[in-house]
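Chains, contacts and geometry: an overview
Spelled out from the first residue to the last, the chains are:
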Amino acid sequence: MTSPVLSVTKPSTRPGTGARVGIGLVLLLPAFLALLWSYLLPTGLAIQRSTTRDNLLGPATDVGAEHYRQRFEQGVIGEYRMALLLAIVPLVLALLVAPLLALLADRAGRGPRLAARALLAVPVAGYAPVALLLGWRLDRIEPGQAVESPYATLVELTAVGSAGLVVAVATTAFLATLRGRRRPADALPAMATVAGLLVLGIVAATVQSFVAPLLAASNRAQFPLTTIVVQSLARMDVGRGSADAVLLLALLAVLGLAATALLLVTRARIELADAPAGDPATAAPASTTAPAWPASSAVTTPPGVPTSGSSAPTTGGSGPARIGLAVAGVVAVGLMLWVAWPWLSRSFRFTNDLGPVPGAGLSDMLIWTWLPTLVATLVTITVAVAGGFAIGGLRPLGRFSELLLLPFAPWLFVGTGPLAVESYLRTRDFDQVNTFLGVIPPGWVSIPALFLFTLLFRGLEPRWRAGGGFGRTMFAPAVPMVLLAGLVTWLVSSGQLLWPWIVAQTPSTRTAPVEALAQGTTGRIPADELALGALLPLPMLLLFLVALVVLQVRYLDRLAIRVGRAPERS
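Another aspect to go through is the nonpolar core. Leu-157, Phe-174, Ile-447, Phe-453, Leu-456, Leu-536 and Phe-544 are the most contacted members of the largest nonpolar core, which totals 155 residues. Element by element, the count of residues in this core is highest for helix 8 (residues 150-178), at 12 residues. Among residues more than four places away in sequence, those in contact with Phe-453 are Ala-384, Val-385, Gly-388, Ala-478, Met-481, Val-482 and Ala-485.

Given below as C-alpha cells:
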C-alpha cells in the first residue's frame with residue numbers, strides 16, 4: 001500500500017495562465033519574425049517573380065502563368081516522378097531495415113542495445129556528402145557512365161549518399177518508440193507515426209538533392225534544384241527558375257502540412273522512459289525524480305503523473321536477438337567501410353595547392369567552412385528552443401497550443417535550395433556576396449528543431465505541472481537535446497554545397513566542399529591525388545563521433561516517443 005505522504009502532489013511551479021500566455025508569445029516572437037524574414041517573404045517574392053521574364057539585366061516584364069505552362073509542356077511532372085523514384089531505396093531502408101534493427105536491439109538487452117546505438121552514431125558523425133559522393137564517383141563509377149547513364153548514376157549516388165544516415169536516424173527513432181514497452185505490439189501506433197514522418201521527410205529530402213544530381217551529369221538528368229539554380233543563375237532566366245522553385249515549394253508545403261497534421265492527430269510527444277525493470281535506480285523513493293543528465297538511465301515519475309507505458313524487459317535480453325544484432329552489426333561495419341573507403345583513403349590529404357586555380361590557405365578554408373555555419377547554428381537553435389518551450393512547455397493556448405505550429409508547417413521540410421535564388425538576390429542587394437555574412441546560411445530559425453523541441457517539452461511538461469522543479473523536470477532533460485540539435489545542425493550545414501557554391505565565388509572564399517568539387521570535377525588533378533581531408537578533418541570527426549556516441553548511450557536511450565492521449569493538461 002502506498003504511503004499517503006508519498007502520494008501528495010506538490011503545487012505546480014508553473015506560471016499562471018496569464019503569465020504563460022504572455023511569456024509564451026514573447027518567446028515565440030523571434031521564431032515568427034525569422035519565419036517572416038527567412039521563409040514567408042522569399043516565398044512571396046518567388047511567386048511574384050515566377051510571373052515575370054527577368055534576366056537580372058533590365059526591367060522585368062509580366063508574362064502571367066506562361067512559365068508554368070511551358071514547364072508542364074516540357075514534362076515537369078515526369079521530372080518529379082523520377083525524383084520521387086529515387087526515394088525508393090531510402091524508404092526501403094527506413095521502413096524495413098531500420099525497424100528490424102530497432103527490434104533486434106531492443107530485444108537483445110541493455111548492453112547490445114547501447115552498442116548498437118554507439119554504432120548508429122558513426123554515419124551521422126561522418127556526414128560529409130561531397131567527400132563521400134565525390135570519392136565514390138572517382139573510384140566506383142566508370143568514366144563516361146554519368147554522361148551515358150545519368151539517371152542510373154543518380155540512383156546509385158542517391159542510395160550511397162543516403163543509406164547510412166537514413167538507417168541511423170530511422171533506427172534511433174524506432175528504438176524510441178520501443179523504449180519502455182514490454183511487448184513490441186504496444187509500440188505499433190507510435191511506430192506507425194514515425195514511419196509516416198519518415199516517408200514524408202525522405203521524399204522531401206530526396207527532391208531537394210543537389211550534390212548527387214550535380215555529380216550525375218545534371219545537364220542530362222533534370223532534377224528540381226539543379227534546374228532552379230541553372231535556370232536562374234547560369235542561364236539568367238530568373239522568372240522561369242522561380243516558377244520551378246514555386247512548384248517545388250508547393251510540393252514541400254503539402255508534405256510539411258501532412259507531417260504536422262500527423263503530429264497533431266496522433267498527439268505525438270517525446271517523454272523520458274520509465275525505469276527498466278531490474279535497474280538499481282528503481283529502488284529510489286517514489287517521490288524523487290532522477291536527474292536527466294548524466295545520471296543513470298532510470299527515471300521515476302512524480303506522484304499523480306501517469307506512466308508512459310509498461311516496464312521494459314529485463315536487461316538479460318534474447319539470445320536469437322543478440323545473434324541477429326551481432327550479424328547485422330558486422331554487416332553494417334563492412335558496408336560502411338566499403339562505401340566510405342574512396343573518401344577515407346584521401347582523408348589525410350589536406351593540401352589545396354593542386355587546385356585548378358590559386359586558392360586560400362587551409363586554415364582560411366576551414367574558417368570559411370565551419371565558422372559561418374556555427375554562427376547560424378547558434379542563432380537558429382536558440383530561436384527554435386525558445387519557440388519549442390513556448391508551445392510545448394508553457395502551452396499558451398492550453399490543449400490547442402500545438403496549433404501554433406501550423407504557420408511553420410508549409411516550410412517544415414524546406415531547405416536552403418528552394419529559396420536559394422531569392423536568398424542570393426537578397427545577399428547581392430546587401431552587397432554581401434563573397435563576404436563572411438553572405439556565407440552564413442540564410443535561414444534564421446530551424447523549423448525541424450522547433451518541432452522537435454515542441455514535442456520534447458510537450459512530453460516533459462506533465463512532470464513540471466505535477467510539482468517537479470523547473471530545473472529538474474524541464475531544463476536538465478532539454479540541455480542534451482539542445483547540444484544534439486546544435487551539433488547535428490552545425491555538421492549538416494557545414495557539409496552543404498549549394499549555398500556557398502552560390503555566394504562564395506572567389507577562390508579565396510571557397511569552403512571545403514566547394515573547393516573539393518572544383519578539384520574533383522575539372523579533370524586537371526589525377527583521381528589518386530585528390531585531397532579530401534579538409535571536408536571533415538579528423539579532429540572534427542572525432543569530436544562529433546565522441547559527442548554523438550555519448551548522447552546516444554546516455555541520453556537518447558532514455559527517451560521514448562509516445563502517441564495518444566497524454567496526461568490531462570490545464
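Don't stop here, the text continues.
Turning our attention to the environment of Ala-449. Summarising the element assignment, Ala-449 is placed in helix 17 (residues 447-465). For the pair formed by Ala-449 and Met-481, sequence separation is 32 residues and the distance between their alpha carbons is 9.8 Å.

Once that is clear, we can look at the pattern of salt bridges. All chains considered together, the criterion is met by 19 salt bridges. Across the salt bridge formed by Arg-458 and Glu-402, the nearest N and O atoms sit 3.5 Å from each other. One end of the pair, Arg-458, is in helix 17; the other, Glu-402, is in the loop between helix 14 (362-394) and helix 15 (420-429), with 56 residues separating them in the sequence. Given the relative accessible area of 8%, Arg-458 is considered buried. Owing to a relative accessible area of 5%, Glu-402 belongs among the buried residues under this scheme.

So, about helix 8. Compared with the 42 Å implied by 1.5 Å per residue over 29 residues, the 41 Å span of helix 8 between its first and last C-alpha is a close match. If you look at helix 8, its biggest bend is around 45°, right at Ser-162. Positive phi appears at Gly-180, one or two residues downstream of helix 8, with a value of about 80°.

Residues Leu-559 and Ile-561 line one face of strand 4 (residues 559-562) and the alternating positions Ala-560 and Arg-562 line the opposite face, and both faces are buried. The pairing of strand 3 (residues 269-272) with strand 4 spans 4 bridges and is antiparallel. Within strand 4, the residue paired with Glu-271 across the bridge is Ala-560.

Quick look at the confidence of the model for the protein chain now. Averaged over all residues, the pLDDT of the protein chain is 86; the fraction at 70 or higher stands at 87%. Mean pLDDT values for the elements of the protein chain range from 80 in helix 7 (residues 145-148) up to 97 in helix 9 (residues 188-207). Considering only residues more than four positions removed or in separate chains, one finds that residues 1-9, a stretch of pLDDT under 50, has 8 contacts. A low-confidence stretch, residues 352-358 (pLDDT under 50), is modelled with 17 contacts involving residues beyond four sequence positions or located in other chains.

For Asp-106, the location among the structural elements is in helix 4 (residues 88-107). Polar side-chain contacts of Asp-106 include one of 2.4 Å to the side chain of Arg-107. Those residues in contact with Asp-106, other than ones at most four positions away along the chain, are Arg-113, Leu-175 and Leu-178.

This part takes up the environment of Pro-320. Along the chain, Pro-320 turns up in helix 13 (residues 319-344). The spacing of Pro-320 and Leu-104 is 216 residues in sequence and 8.6 Å in space, taken between C-alpha atoms.

It is the contact of helix 2 (residues 66-73) with helix 12 (residues 238-266), at a shortest axis distance of 9 Å, that shows an interaxial angle of 70°. Taken as axis vectors, helix 2 and helix 12 run roughly perpendicular relative to one another. Contacts between helix 2 and helix 12 involve His-67, Tyr-68, Gln-70, Arg-71 and Phe-72 from the former and Gly-239, Arg-240, Ala-243, Asp-244, Val-246 and Leu-247 from the latter. Looking at the contact of helix 2 with helix 12 residue by residue, the classes come out as 5 nonpolar, 3 polar and 3 charged.

Turning next to a nonpolar patch on the surface. On the surface, Leu-85, Ile-88, Val-92, Leu-95, Leu-96 and Val-97 cluster together to form a nonpolar patch covering roughly 490 Å² of accessible area. For the nonpolar patch, the element with the highest residue contribution is helix 4, accounting for 5 residues. Turning to its location among the elements, Leu-95 is positioned in helix 4.

For Thr-266, the position within the fold is in helix 12. Given a relative accessible area of 16%, Thr-266 falls into the buried group. Among the polar contacts made by the side chain of Thr-266, one reaches the main-chain carbonyl oxygen of Leu-262 at a distance of 2.7 Å. Contacts of Thr-266, omitting those with residues within four sequence positions, involve Thr-193, Val-563 and Gly-564.

Now for the packing of aromatic side chains. As enumerated under the stated definition, the model contains 12 aromatic pairs in all. Judged by centre distance (5.2 Å) and plane angle (90°), the ring pair of Trp-136 and Trp-338 falls under edge-to-face. Of the two residues, Trp-136 sits in helix 6 (residues 129-140) while Trp-338 sits in helix 13, which places them 202 residues apart along the sequence. Of the residues examined, Trp-136 reaches a relative accessible area of 5% and is grouped as buried. Sitting over the ring of Trp-37, Arg-426 keeps its end group 3.7 Å from the ring centre.

With respect to the helices, strands and loops of the structure, Ala-478 is situated in helix 18 (residues 470-494). Residue Ala-478 is classed as buried on the basis of its relative accessible area, which comes to 4%. Expressed as a C-alpha distance, the spacing of Ala-478 and Phe-389, which sit 89 residues apart in the sequence, is 9.6 Å. Leave out the neighbours within four places in its chain, and Ala-478 touches Phe-453, Leu-456, Phe-457 and Tyr-555.

With that settled, consider unusual backbone geometry. With phi around 55°, Arg-267 is a residue other than glycine that occupies positive phi space. Relative to the helices and strands, Arg-267 resides in the loop between helix 12 and strand 3. Residues other than glycine seldom take positive phi values, yet Asn-434 does so here, at roughly 65°.

Their axes nearest at 8 Å, the elements helix 5 (residues 110-125) and helix 21 (residues 538-554) cross at an angle of 145°. Crossing of helix 5 over helix 21 shows right-handed handedness. Between helix 5, through Leu-114, Arg-117, Ala-118, Leu-120, Ala-121, Val-122, Val-124 and Ala-125, and helix 21, the contact on the second element is made entirely by Leu-541, Phe-544, Leu-545, Leu-548, Val-549, Gln-552 and Val-553. Residue classes in the contact of helix 5 with helix 21 are distributed as 13 nonpolar, 1 polar and 1 charged.

Calculation criteria
Throughout this document, residue positions are counted from 1 along each chain, in the order its sequence is written. Only residues with pLDDT of at least 70 are given local features in this predicted model, and only at 80 or more are side-chain atom pairs given and counted; all residues enter the totals for whole chains, interfaces and linings. To get the side-chain values, take all heavy atoms of the structure and skip hydrogens and water. For this analysis, a nonpolar core means a set of buried residues of the types Ala, Val, Leu, Ile, Met, Phe, Trp, Tyr and Cys, connected via side-chain atoms within 4.5 Å. We call a residue buried when its accessible area falls under 20% of the maximum for its residue type, exposed when it is over 50%, and partly exposed in between, using a 1.4 Å probe and counting protein chains only. By the criteria applied, helices consist of DSSP H or I runs no shorter than four residues and strands consist of E runs no shorter than two, each listed in order from the N terminus. Contacts were defined at the residue level, with two residues in contact if any of their heavy atoms lie within 4.5 Å. Whenever a carboxyl oxygen of Asp or Glu lies within 4 Å of a side-chain nitrogen of Lys or Arg, that contact is scored as a salt bridge. Multiply 1.5 Å by the residue count of a helix minus one, and that product is the helix's expected span. Two axes are fitted around each residue, one to the seven residues ending there and one to the seven starting there, and the angle between them is reported as the bend at that residue. In this description, strands pair whenever DSSP reports at least two bridges between them. The pLDDT value expresses, per residue, how confident the predictor is, ranging between 0 and 100. We call two N or O atoms a polar contact when they sit within 3.5 Å, provided that within protein one can donate a hydrogen and the other can accept it, with sequence-adjacent residues counted only if both atoms are side-chain atoms. Axis definition: a line fit to C-alpha positions, over the contact stretch in the case of helices; interaxial angles, taken between N-to-C directions, run 0 to 180 degrees. Roughly parallel covers angles under 35 degrees, roughly antiparallel covers those over 145, roughly perpendicular covers 65 to 115, and oblique covers all other angles. Put simply, Ala, Val, Leu, Ile, Met, Phe, Trp, Tyr, Cys and Pro go in the nonpolar bin, Asp, Glu, Lys and Arg in the charged bin, and everything else, Gly too, in the polar bin. Candidate patch residues must exceed 30% relative accessible area and have no salt bridge, after which like charges are joined if within 9 Å and Val, Leu, Ile, Met, Phe, Trp or Tyr side chains if within 5 Å. Every accessible area reported is derived by Shrake-Rupley at a probe size of 1.4 Å, with residue values counting cover from the shown protein chains alone. Planes of paired rings set the category: under 30 degrees apart is stacked, over 60 is edge-to-face and the rest tilted, where pairs are Phe, Tyr or Trp rings (Trp by its six-membered ring) whose centres lie within 6.5 Å. A ring has a charge above it when a Lys NZ or an Arg CZ is no more than 6 Å from the ring centre and no more than 35 degrees off the ring normal. Should the near helix be turned anticlockwise from the far one by less than a right angle, the crossing is termed left-handed; should it be turned clockwise, right-handed.

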